[in-house]
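Here is what each chain is made of, one letter per residue.
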Amino acid sequence: MSYIKPAELATRMVDAGAYKLQLSTRDTLIRAFMGAALLTIAAAFAVTVSTQTGQPLLGAVLFPVGFVMLYLLGYDLLTGVFTLGPLAVLDRRPGATFGALMRNWGLVFLGNFGGAFLVAILMAVYFTYGFSTAPSAVGEAISEIGHGRTVGYADHGAAGMLTLFIRGVLCNWMVSTGVVLAMVSDSTIGKIVAMWLPIMLFFYMGFEHSIVNMFLFPSGLLMGADFTVWDYVVWNELPTVVGNLVGGLLFVGLPIYYTHGRPKARAAREARRTERRSRVEVVTTAAAEEPVQGLGTSAAEREPSRV
């Protein structure tokens, strides 16, 4: 399996961020919608496995299937563009402005929410036989997740809000690591293995992922969970989004970008070095070709005249 070194990885990250900032509104929304839909179907799958087997670790081991599918298909999550987009702005890529960044984040948020909410509705129908019966065991588990991760935080006040924020930071530290590791290999198997590791870790640890929560909490509300939309927005979604932004950018994007050299600055330095080497070679070649005084003359000519 091929391996991409960190210096080239940094360039690929900036290239990806610049590319995403210039996508059309239609493409950005579609990719975000589909990305969230695939991820949240996998979340429903993981909760189903955990509930039916009683083995949360098994659910976490299998959850990355959604993440792998969406990134192999070139779809987007807000957590990923939080990390990649700002690097293109820092590198001053053409069209990579603060306005373009805000537009991209806003569109990806809307697309992600649309995809996740659709899956929330579909899963709520699935777990309740079209709302004709009480939720299944998996539906009840999803409802309890929503209750514990909203009211559960609110019960602790400021300490709960801090914990929620930190879980959001830790989540996107891992998720964005998965996004970046997808670029360290050019082989499909290499990408899958690299992505799998950090995503499995984040899910098992119960960190807060804003896109997964766009499915879990609305789905729980649709099935009668004991919390409100206000609880969801204030005591989960908004702090989680902020935490995801900080975690992905501060602990993944910026360290790689600065540690392994800013791509444009590195290219400029390399161009200057190449230019200096070329000048040295020209001077050296000219010196080598210049005839040395006295060479090419006969011995008689070099011998001083005698009177």
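Residues numbered from 1 in each chain as written. Predicted model: local features only at pLDDT ≥ 70, side-chain atom pairs only at ≥ 80, totals over all residues. Heavy atoms only, no water.

A look at the overall build of the protein chain
And then number 1: On a plain count of helices and strands, the protein chain comes out with 14 helices and 0 strands.
And then number 2: Reading the protein chain from its N end, one meets helices and strands in the order α-α-α-α-α-α-α-α-α-α-α-α-α-α.
And then number 3: Among the 307 residues that make up the protein chain, the fraction classed as buried is 44%.
And then number 4: Summarising the internal contacts of the protein chain: among those between residues at least 6 apart in sequence, 82% fall at separations of at least 24.
And then number 5: Total accessible area computed for the protein chain in this model is approximately 15,300 Å², and 67% of it derives from carbon and sulfur atoms. (Helix = DSSP H or I, 4+ residues; strand = E, 2+ residues; numbered from the N terminus. Buried < 20%, exposed > 50% of the residue type's maximum accessible area, 1.4 Å probe, protein only. Contact = heavy atoms within 4.5 Å. Areas by Shrake-Rupley, 256 points an atom, 1.4 Å probe, with all protein chains shown as cover.)

Some words on the environment of G248
And then number 1: Tracing the backbone through its elements, the reader meets G248 in helix α12 (residues 229-259).
And then number 2: A relative accessible area of 0% places G248 in the buried class.
And then number 3: Along the backbone, G248 and G80 are 168 residues apart, and their C-alpha atoms lie at a distance of 7.6 Å.
And then number 4: Beyond its immediate sequence surroundings of up to four residues, G248 is in contact with T83, N172, W173, S176 and G253.

Considering the nonpolar core
Within soluble globular proteins, side chains that are nonpolar tend to cluster in buried spots.
And then number 1: Within the largest apolar cluster, 69 residues are counted, with the highest numbers of intra-cluster contacts made by F63, F67, F202 and F215.
And then number 2: At 10 residues, helix α2 (residues 25-53) tops the list of elements feeding residues into this core.
And then number 3: Not counting chain neighbours up to four residues away, the residues in contact with F202 comprise F63, C171, M174, V175, F207, H209 and V212. (Core = buried A, V, L, I, M, F, W, Y, C linked by side-chain atoms within 4.5 Å.)

So, a nonpolar patch on the surface
And then number 1: A grouping of L57, L58, V61, L201, Y204 and M205 is seen on the molecular surface, where their side chains present a nonpolar patch of about 530 Å² in accessible area.
And then number 2: Secondary structure elements with two or more residues in the nonpolar patch: α3 (56-62) and α10 (188-205).
And then number 3: By the secondary structure assignment, V61 is in helix α3. (Patch = residues over 30% accessible without salt bridge, like charges linked within 9 Å, V, L, I, M, F, W, Y side chains within 5 Å. Salt bridge = Lys/Arg side-chain N within 4 Å of Asp/Glu carboxyl O.)

Thoughts on helix α5 (residues 78-90)
Because each turn of an α-helix spans 3.6 residues, side chains separated by three or four positions end up pointing in the same direction.
And then number 1: Between the first and last C-alpha of α5 there are 19 Å, a value that for 13 residues agrees with the 18 Å anticipated at 1.5 Å per step.
And then number 2: Of all 13 residues in α5, 11 are buried, a share of seventy percent or more.
And then number 3: Buried within α5 we find L78, T79, G80, V81, F82, T83, L84, G85, P86, L87 and A88.
And then number 4: The positive-phi residue at the C-terminal boundary of α5 is R92, with phi of around 55°. (Expected span 1.5 Å × (residues − 1).)

Examining the pattern of salt bridges
And then number 1: Evaluation of the coordinates by the stated rule reveals 7 salt bridges.
And then number 2: The closest approach of N and O atoms between D76 and K20, which form a salt bridge, is 2.5 Å. One end of the pair, D76, is in the loop between α4 (64-72) and α5; the other, K20, is in helix α1 (residues 6-21), with 56 residues separating them in the sequence.
And then number 3: Taking the relative accessible area as the measure of exposure, K20 reaches 13% and is therefore buried.
And then number 4: In this structure, R26 engages D27 in a salt bridge whose closest nitrogen and oxygen atoms are separated by 3.0 Å.
And then number 5: Judged by its relative accessible area of 57%, R26 falls in the exposed class.

Considering unusual backbone geometry
And then number 1: Look at Y129: it is not a glycine, yet its phi comes out positive at around 50°.
And then number 2: One can find Y129 in the loop between α6 (98-128) and α7 (137-148).
And then number 3: If you check the backbone angles, F131 has positive phi at about 65° while not being a glycine.
And then number 4: Position of F131 relative to the elements: it lies in the loop between α6 and α7.
And then number 5: Looking at F131, the relative accessible area reads 45%, which means it is partly exposed.

Section: the side chain of T28
And then number 1: Within the secondary structure layout, T28 lies in helix α2.
And then number 2: Residue contacts for T28: discarding those within four places in its chain leaves L23, N104, L107 and V108.

Re α2
And then number 1: Along its 29 residues, α2 runs 42 Å from first to last C-alpha, staying within 8% of the 42 Å computed at 1.5 Å per residue.
And then number 2: Positive phi appears at G54, one or two residues downstream of α2, with a value of about 70°.

Regarding the packing of α4 against α10
And then number 1: In contact at an axis separation of 9 Å, α4 and α10 are set at 135° when each is read in the N-to-C sense. When the interaxial angle is binned, α4 and α10 end up oblique. α4 and α10 meet at a crossing whose hand is right-handed. Across the interface between the two elements, P64, V65, F67, V68, Y71 and L72 of α4 pack against T188, K191, I192, M195, W196, I199 and M200 of α10.
And then number 2: Partitioning the contact of α4 with α10 into residue classes produces 11 nonpolar, 1 polar and 1 charged. (Axes fitted to C-alpha atoms, helices over the stretch in contact; angles between N-to-C directions. Parallel < 35°, antiparallel > 145°, perpendicular 65-115°, else oblique. Left-handed = near helix turned anticlockwise from the far one by under 90°. Nonpolar A, V, L, I, M, F, W, Y, C, P; charged D, E, K, R; others polar.)

Taken by themselves, the reported measurements are silent on function.
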